[in-house]
Amino acid sequence: MTILHIDSSISGENSASRAISRSIVDQLRAVNPAALLVSRDLVSQPLPHLTLDAFADSSVLDEFLAADTVVIGAPMYNFTLPTQLKAWLDRILVAGKTFRYTANGPEGLAGGKRVIVALARGGFYDAGSPASALEHLETYLRGVFNFIGIEPEFVAADGLSISPEQREASVRQALGETVRLAA
Ligand SMILES: Cc1cc2nc3c(=O)[nH]c(=O)nc-3n(C[C@H](O)[C@H](O)[C@H](O)COP(=O)(O)O)c2cc1C
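A brief report on the enclosed structure follows.

About the thresholds
Residues numbered from 1 in each chain as written. Predicted model: local features only at pLDDT ≥ 70, side-chain atom pairs only at ≥ 80, totals over all residues. Heavy atoms only, no water. Buried < 20%, exposed > 50% of the residue type's maximum accessible area, 1.4 Å probe, protein only. Helix = DSSP H or I, 4+ residues; strand = E, 2+ residues; numbered from the N terminus. Core = buried A, V, L, I, M, F, W, Y, C linked by side-chain atoms within 4.5 Å. Contact = heavy atoms within 4.5 Å. Near = heavy atom within 4 Å. Polar contact = N/O pair within 3.5 Å; in protein donor to acceptor, adjacent residues only side chain to side chain. Areas by Shrake-Rupley, 256 points an atom, 1.4 Å probe, with all protein chains shown as cover. 1 Å grid on protein atoms, 1.4 Å probe; cavity = no way out; pocket = protein on both sides within 12 Å on 5 of 7 lines; lining within 4 Å. Sits in = over half its atoms within 2 Å of the grid points. Expected span 1.5 Å × (residues − 1). Arc of directions from axis to C-beta. Points joined across faces, edges and corners; volume = space filled by probe spheres on them. Nonpolar A, V, L, I, M, F, W, Y, C, P; charged D, E, K, R; others polar.

1. Description of helix α3 (residues 83-92)
Thinking step 1. The buried fraction of α3 amounts to seven of the ten residues, a majority that puts the element mostly inside the structure.
Thinking step 2. Among all positions in α3, only L85, A87, W88, L89, D90, R91 and I92 are buried.

Following this line, the structure appears as structure tokens:
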């Protein structure tokens, strides 16, 4: 079994999404001690913006295709995902590899993988809340992974900019949730 661990927060050791994604990986490895771990830090090793030439290098796509489980730390920046993470998605959404168009519409080709996303958001975006229309992180990632045939799982820490107390409570709750993911 291969676990691919992706992080994209710019906040280093203070990052909530990094703490949660690390906890998810730790839980998975505890029940699969023989699992091979591949880590990709999109901040310390950023991928350049997509160009046509970039399609000639399939190393990022191959790394994704080789993974059985993918754990992604995804902070919300300006209501959506970090550009570093978008650059990674630009390399794994490849027609003929992870999806294809058929007479019946698009078809995902990357099914069978488990994708777990650690979300960290400064505010609250629950359905019906005033800010819900600005939620373009979880909705976008769900749509993208569904498009390539994967139903992603999410662990969310929300309201992290509200107060230090709210941040601590939300991160603690999310870390607690990571335990059930490995069950
Ligand atoms: C540049 C920047 C932009 C942000 N934009 C938003 C935003 O649009 N909505 C929101 O709810 N929180 C926003 N936040 C708050 C982050 O989502 C929050 O700090 C979260 O903890 C980030 O994840 P991290 O701790 O893993 O870096 C922003 C934070 C930064 C640094």
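2. Examining the environment of E13
Thinking step 1. Structurally, E13 is set in the loop between β1 (2-7) and α1 (16-31).
Thinking step 2. For E13, a relative accessible area of 70% translates into the label exposed.
Thinking step 3. Separated by 70 residues in sequence, E13 and T83 place their C-alpha atoms 20 Å apart.

3. Remarks on the nonpolar core
Thinking step 1. F64, V70, I72, W88, L141 and F145 are the most contacted members of the largest nonpolar core, which has 32 residues in total.
Thinking step 2. Contributing elements (two or more residues each) for this core: β1, α2 (59-66), β3 (69-75), α3, β6 (114-120) and α4 (138-147).
Thinking step 3. With five residues, the top contributor of residues to this core is α3.
Thinking step 4. Beyond its immediate sequence surroundings of up to four residues, F145 is in contact with F64, I72, W88, L89, I92, V115, I150 and P152.
Thinking step 5. In this structure, V25, A120, A174 and L181 belong to the second largest nonpolar core, which totals 18 residues.

4. Things to note about the site of the ligand
Thinking step 1. Residues in close proximity to the ligand total 18 residues, the closest being S9, S15, S17, M76 and Y125.
Thinking step 2. Backbone polar atom of N78 to a nitrogen atom of the ligand: 2.9 Å apart, as the coordinates give it.
Thinking step 3. Between the ligand and R167, the relevant distance is 3.5 Å, taken from an oxygen atom to a side-chain nitrogen or oxygen of the residue.
Thinking step 4. Compared with its free state, where it exposes 630 Å², the ligand has 75% of that area covered by protein.
Thinking step 5. In this structure the site holding the ligand corresponds to the largest pocket.

5. A few points about helix α5 (residues 164-181)
Thinking step 1. Compared with an ideal rise of 1.5 Å per residue, which puts 18 residues at 26 Å, α5 spans 26 Å between its outermost C-alpha atoms and is within 8% of the ideal.
Thinking step 2. Three or more residues of α5 are buried, namely S170, V171, A174, T178 and L181. What you see down the axis of α5 is that its buried residues fit within an arc of 95°, all on one side. What points out from α5, more than 90 degrees from its buried face, is the exposed set E165, E168, R172 and Q173.
Thinking step 3. Next to the buried residues of α5 lie α1, β6 and β7 (153-157).

6. Quick notes on the layout of surface pockets
Thinking step 1. What the largest pocket holds in volume is close to 210 Å³.
Thinking step 2. Together, 17 residues line the largest pocket, and P75, M76, Y77, A120 and R167 are the ones closest to its centre.
Thinking step 3. Class assignment for the residues of the lining of the largest pocket results in seven nonpolar, eight polar and two charged.

Functional significance is not addressed by these values, which are geometric in nature.
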